[in-house]
Amino acid sequence: MACPVNNTVELNPTLLPLEWLLGTWECDEPGEGSFPTIKPFRYTETLHFSHVGQPVINFMFNAFHAESKKPMHRECGFVRMQPGTNRVAFIIAQNSGLVEIEEGELTGQQLSLQSQQLARTSFAKEPYVKQICRVFQLRSDGKLEQTVSMATDNQPLMQHLRITYRRSS
């Protein structure tokens, strides 16, 4: 059973600078993923950002393989903003067993984040993720672009994912 969401609740004033993120975003065309230790792949993804009036945005990201349509990566969590600043934090749980805290800054309609803390299950697959950087940019054409860079035990920080979304609700 899904939890009820009250869309008539006003957005907490602390989050007004992030209001442009709210809603559901779907990719127009598949995003691209690559990393030296894996075969390049294409994926589709839906992002959902919502709120219930608290000073936090809830989110769920669901990715699927572009060709097979099989579920891939999933992330869920919360977005917080430090009142009176442009400092933003994402608290993220991934279906891979990785949990992370990313922090960064909001500049206009660009959100740049870097991992501050990473934790994983004791039986997580190697190589271990050591760093993640993520950028969300609301483009002038109204589309949302996300790029994710990653470093592991045996690879330096480099771009891993890139995808563009259109707002669907």
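You'll find the structure just up there.
What counts and how
- Residues numbered from 1 in each chain as written.
- Predicted model: local features only at pLDDT ≥ 70, side-chain atom pairs only at ≥ 80, totals over all residues.
- Heavy atoms only, no water.
- Core = buried A, V, L, I, M, F, W, Y, C linked by side-chain atoms within 4.5 Å.
- Buried < 20%, exposed > 50% of the residue type's maximum accessible area, 1.4 Å probe, protein only.
- Contact = heavy atoms within 4.5 Å.
- Salt bridge = Lys/Arg side-chain N within 4 Å of Asp/Glu carboxyl O.
- Helix = DSSP H or I, 4+ residues; strand = E, 2+ residues; numbered from the N terminus.
- Pairing = 2+ DSSP bridges.
- Phe/Tyr/Trp six-rings, centres within 6.5 Å; stacked < 30°, edge-to-face > 60°.

1. Some remarks on the nonpolar core
When a protein is soluble and globular, its nonpolar side chains tend to lie buried together.
Line of reasoning, step 1. Of all hydrophobic cores here, the largest spans 36 residues; its most connected members are Leu-18, Phe-49, Val-88, Phe-90, Leu-111 and Phe-136.
Line of reasoning, step 2. Setting aside its immediate chain neighbours within four residues, Phe-136 contacts Trp-20, Leu-47, Phe-49, Phe-61, Phe-90, Gln-109, Gln-110, Leu-111, Leu-113, Leu-144, Glu-145 and Gln-146.

2. Description of the pattern of salt bridges
Line of reasoning, step 1. Per the counting criterion, the structure on display carries 12 salt bridges.
Line of reasoning, step 2. Taking the shortest distance from any N to any O, the salt bridge between Arg-134 and Glu-100 comes out at 3.9 Å. In this pair, Arg-134 sits in strand β9 (residues 129–138) while Glu-100 sits in strand β7 (residues 98–107), placing the two residues 34 residues apart along the sequence. Here Arg-134 and Glu-100 have matching classes, each one buried.
Line of reasoning, step 3. The shortest N-O distance in the salt bridge between Lys-130 and Asp-153 comes to 3.5 Å.

3. Structural notes on the pairing of strand β11 (residues 155–167)
Line of reasoning, step 1. As paired elements, strand β1 (residues 23–27) and β11 share 3 bridges and run antiparallel to each other. In the sheet register, Glu-26 faces β11, and the bridge partner there is Arg-166.
Line of reasoning, step 2. For strand β10 (residues 144–152) and β11, the ladder comprises 8 bridges, and the chain directions are antiparallel. Each residue of the ladder has a partner; that of Gln-146, found in β11, is Ile-163.
Line of reasoning, step 3. Joining the antiparallel neighbours β10 and β11 is a turn of 2 residues.

4. Things to note about the packing of aromatic side chains
Line of reasoning, step 1. Taken as a whole and assessed by the stated rule, the structure comprises 8 aromatic pairs.
Line of reasoning, step 2. Aromatic side chains Phe-49 and Phe-136 sit 6.2 Å apart centroid to centroid with 80° between the ring planes, which places their arrangement in the edge-to-face category. Here Phe-49, found in strand β3 (residues 38–50), pairs with Phe-136, found in strand β9; they are 87 residues apart in sequence, far enough to count as distant.
Line of reasoning, step 3. A residue is classified by how much of its surface remains accessible, and Phe-136, at 0% relative accessible area, is buried.
Line of reasoning, step 4. For the pair Phe-59 and Phe-90, a centre-to-centre distance of 5.3 Å together with 40° between the ring planes defines the contact as tilted. Of this pair, Phe-59 sits in strand β4 (residues 57–65) while Phe-90 is found in strand β6 (residues 87–94), placing the two residues 31 residues apart along the sequence.
Line of reasoning, step 5. Three or more aromatic residues link up through ring pairs in this structure, and these residues are Phe-49, Phe-59, Phe-61, Phe-90 and Phe-136.

In short, the description is geometric, and any link to function would need to be established separately.
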